[in-house]
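Observations on chain architecture
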Amino acid sequence: MLDIRVRLTGSKKPHAGRVEVEYKGVWGTISSHGWNKSDARVVCRQLGYNDVLQAITDASSQFDQDIVSSPVWFSDVNCNGTEPSLLHCSRTVVAGSYWLHDTDAGVVCKANPSLRM
């Protein structure tokens, strides 16, 4: 079964940033419509962190603006917080719409003590 790859961008801290997903071979963002701590918890766990500190609904104001023309891949992500990855959460595929990124989803994960900052 394929998985949805995720990464965090726009922050100097590896455990925080705008959530990006690789879908159909292209990296894009997630709309924060419906984004909450349960969704963010799944992202953090998928990236190898123990837990989430904060779910961010306006990542463009919190993190660097390094996105110019990437698509918004998903909206209305709905996780219960126990899923092993975003693949197991319900979500709306936005079909790569090139929306403004003012409502991109972001996270601040609880940094693992073994990770260097």
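My aim in this report is to walk through the structure given alongside it, one point at a time. Here the structure is a predicted model, which means the values were calculated and not measured.

Quick look at the state of the cysteines now. Taken as a whole, this structure holds two disulfides when the rule is applied. Covalent S-S linkage joins Cys44 and Cys109, the inter-sulfur distance amounting to 2.0 Å. Disulfide Cys44-Cys109: torsion about the S-S bond near -90 degrees, hence left-handed. With Cys44 in helix α1 (residues 37-46) and Cys109 in strand β7 (residues 106-110), the pair connects residues that are 65 residues apart, well separated along the chain. For Cys109, a relative accessible area of 0% corresponds to the buried category. Residue Cys79 pairs covalently with Cys89 via a disulfide, S to S 2.1 Å. Between Cys79 and Cys89, the S-S dihedral sits near 110 degrees, and the bridge is therefore right-handed. Separated by 10 residues along the polypeptide, Cys79 in the loop between β5 (72-78) and β6 (90-97) and Cys89 in the loop between β5 and β6 bring together distant segments of the chain. The exposure class assigned to Cys79 is buried, which follows from its relative accessible area of 5%. Overall, Cys89 belongs to the buried group, its relative accessible area being 4%. Each disulfide in the protein links cysteines that, numbered along the sequence, combine into the pattern 1-4, 2-3.

Here β5 lies mainly inside the structure; five of its seven residues are buried. Taken together, the two bridges between strand β3 (residues 26-30) and β5 define a ladder with parallel strand orientation. Bridging across to β5, Thr29 finds its partner in Val72.

Right, let's get into the packing of aromatic side chains. Inspection of the entire model under this criterion finds two aromatic pairs. On the basis of an interplanar angle of 65 degrees and a centroid distance of 5.3 Å, the ring pair of Tyr23 and Phe74 is categorised as edge-to-face. Of the two residues, Tyr23 is situated in strand β2 (residues 16-23) and Phe74 in strand β5; the sequence distance between them amounts to 51 residues. For Phe74, a relative accessible area of 1% puts it in the buried group.

Okay, the nonpolar core next. The biggest cluster of nonpolar side chains holds 22 residues, and the ones touching the most others in it are Val21, Ile30, Trp35, Val77, Leu86 and Val107. Those elements that place two or more of their residues in this core are β1 (5-9), β2, α1, β5 and β7. Per-element tally for this core: the top contributor is α1, with four residues. Setting aside chain neighbours within four positions, we find Ile30 in contact with Val19, Val21, Trp35, Val72, Phe74, Val77, Leu86, Thr103, Asp104 and Ala105. Among the nonpolar cores identified, the runner-up in size contains five residues, and Ala16, Ile56, Phe63 and Val108 belong to it.

Parameters at a glance
Counting starts from 1 at the beginning of each chain's written sequence and moves along it residue by residue. The predicted nature of this model means local features are confined to residues of pLDDT at least 70 and side-chain atom pairs, given and counted, to a pLDDT of 80 or more, with totals for whole chains, interfaces and linings taken over all residues. Only hydrogens and water are removed before side-chain values are computed, so all heavy atoms of the structure are retained for them. Two cysteine sulfur atoms make up a disulfide if the distance between them is within 2.5 Å. Comment: elements are numbered from the N terminus, with helices defined as DSSP H or I runs of at least four residues and strands as E runs of at least two. Only protein chains enter the accessibility calculation, which uses a 1.4 Å probe; a residue whose area is less than 20% of its type maximum is buried, one above 50% is exposed, and one in between is partly exposed. Strands qualify as paired when DSSP identifies two bridges or more between them. Put simply, two rings from Phe, Tyr or Trp (the six-membered ring, in Trp's case) pair if the centres are within 6.5 Å, and we call them stacked under 30 degrees between planes, edge-to-face over 60, tilted for the rest. Among buried residues, the Ala, Val, Leu, Ile, Met, Phe, Trp, Tyr and Cys ones that are joined through side-chain atoms within 4.5 Å form a nonpolar core. Whether two residues are in contact is decided by their heavy atoms: any pair within 4.5 Å suffices.

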